[in-house]
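Take a look at the letters that make up each chain.
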Amino acid sequence: MLRNPYAEYRNSQVMTASPAELTLMLYDGAIKFVNIAHDAIEKGEIEKANTNIQKASNVIEELQSTLNHKYAVAEDFDNVYKYIRDRLLWANMRKDNEILEQAKDAINQMRDTWKEVMRVTNNGQKVS
């Protein structure tokens, strides 16, 4: 069986990451899937676009499901996640890159906010 060094490295990153770093990785993954979907829409690759929009939506759903609602800010995060999932749904139904960009912008804002929280609280070992 052939070894995949990239997969091994990625697995090592996940296994050694703090919870804050794992959250950042989820945001990065959602952005990656949106970018792939965007390119697929431009090329008319409807199935590939659908698959990657669904992957991005699944990531956002996972982030949404892990919210701790004992904190007031969870309600704000939940509302943003609902907005992102709505934009992803509409972008997927219409194969519309403009709507997809709205979702990506919101994901980027959430990622940037999370990255700043990590920096301020020193909750992650390394933020790039």
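Up top you'll find the structure we're talking about.
Sequence order sets the numbering: in each chain, residues are counted from 1 along the sequence as written. Under the rules for a predicted model, residues below a pLDDT of 70 receive no local features and side-chain atom pairs below 80 are neither given nor counted, while totals for whole chains, interfaces and linings still include all residues. Heavy atoms from the whole structure form the basis of all side-chain values; hydrogens and water molecules are not counted.

Caption draft 1: Region of the structure containing helix H4 (residues 73–94). Runs of E in the DSSP output that reach at least two residues are strands. Runs of H or I that reach at least four are helices, and both are numbered from the N terminus. Here the expected span of a helix is defined as 1.5 Å times the quantity of residues minus one. Taking 1.5 Å of rise per residue, the 22 residues of H4 would be expected to cover 32 Å, and the 32 Å separating its terminal C-alpha atoms lies within 8% of that figure. Only protein chains enter the calculation, and the probe is 1.4 Å; a residue is then buried if its accessible area is under 20% of its type maximum, exposed if over 50%, and partly exposed in between. Regarding H4, the residues found buried are Ala74, Phe77, Asp78, Tyr81, Ile84, Arg87, Leu88, Ala91 and Asn92. Of the surrounding secondary structure, the elements contacted by the buried residues of H4 are helix H2 (19–43), helix H3 (46–65) and helix H5 (97–121). Directly beyond the C-terminal end of H4, a positive phi value near 50° is found at Lys95. Any two residues whose heavy atoms approach within 4.5 Å at even a single point are treated as in contact.

Caption draft 2: Structural detail: the pattern of salt bridges. Any Lys or Arg side-chain nitrogen found within 4 Å of a carboxyl oxygen on Asp or Glu counts as a salt bridge. Per the stated rule, a full pass over the model turns up 6 salt bridges. Salt-bridge contacts for Lys48 lead to Glu45; the nearest nitrogen and oxygen are separated by 3.9 Å. According to the relative accessible area criterion, Glu45 is partly exposed, its value standing at 32%. Among the salt bridges present, the one from Arg119 reaches Glu116, with a minimum N-O distance of 2.6 Å. In this pair, Arg119 and Glu116 both sit in helix H5, 3 residues apart, roughly one turn of the helix.

Caption draft 3: Representation of the side chain of Thr23 in the model. Positionally, Thr23 belongs in helix H2. A relative accessible area of 18% means that Thr23 is categorised as buried. In this structure Thr23 touches Leu63 and Trp114, once residues within four positions along its chain are discounted.

Caption draft 4: Up close: the nonpolar core. Side-chain atoms within 4.5 Å are what join buried Ala, Val, Leu, Ile, Met, Phe, Trp, Tyr and Cys residues into a set we call a nonpolar core. By size, the foremost hydrophobic cluster in this structure holds 27 residues, and its most contacted members are Tyr27, Ile60, Tyr81, Ile84, Leu88, Leu100 and Ile107. Broken down by secondary-structure element, the contributors of at least two residues to this core are H2, H3, H4 and H5. A per-element tally of this core places H2 first, with 8 residues. The residues contacting Tyr27, other than those within four sequence positions of it, are Leu63, Phe77, Tyr81, Ile107, Met110, Arg111 and Trp114.

Caption draft 5: Quick look at the packing of H4 against H5. In contact at an axis separation of 8 Å, H4 and H5 are set at 155° when each is read in the N-to-C sense. Between H4 and H5, the crossing angle belongs to the class labelled roughly antiparallel. Considering the relative orientation of H4 and H5, their crossing is left-handed. Across the interface between the two elements, Phe77, Val80, Tyr81, Tyr83, Ile84, Arg87, Leu88, Trp90, Ala91 and Arg94 from H4 touch Ile99, Leu100, Gln102, Ala103, Ala106, Ile107 and Met110 from H5. Each residue is assigned to one class: nonpolar for Ala, Val, Leu, Ile, Met, Phe, Trp, Tyr, Cys and Pro, charged for Asp, Glu, Lys and Arg, and polar for all the others, Gly among them. Of the residues contributing to the contact of H4 with H5, the split by class is 14 nonpolar, 1 polar and 2 charged. Angles run from 0 to 180 degrees between N-to-C directions of axes, and those axes are lines fitted to C-alpha atoms, restricted for helices to the stretch in contact. We call two directions roughly parallel when the angle between them is under 35 degrees, roughly antiparallel when it is over 145, roughly perpendicular when it lies between 65 and 115, and oblique otherwise. Here a crossing is called left-handed whenever its near helix is offset anticlockwise from the far helix by less than a right angle, and right-handed whenever the offset is clockwise.

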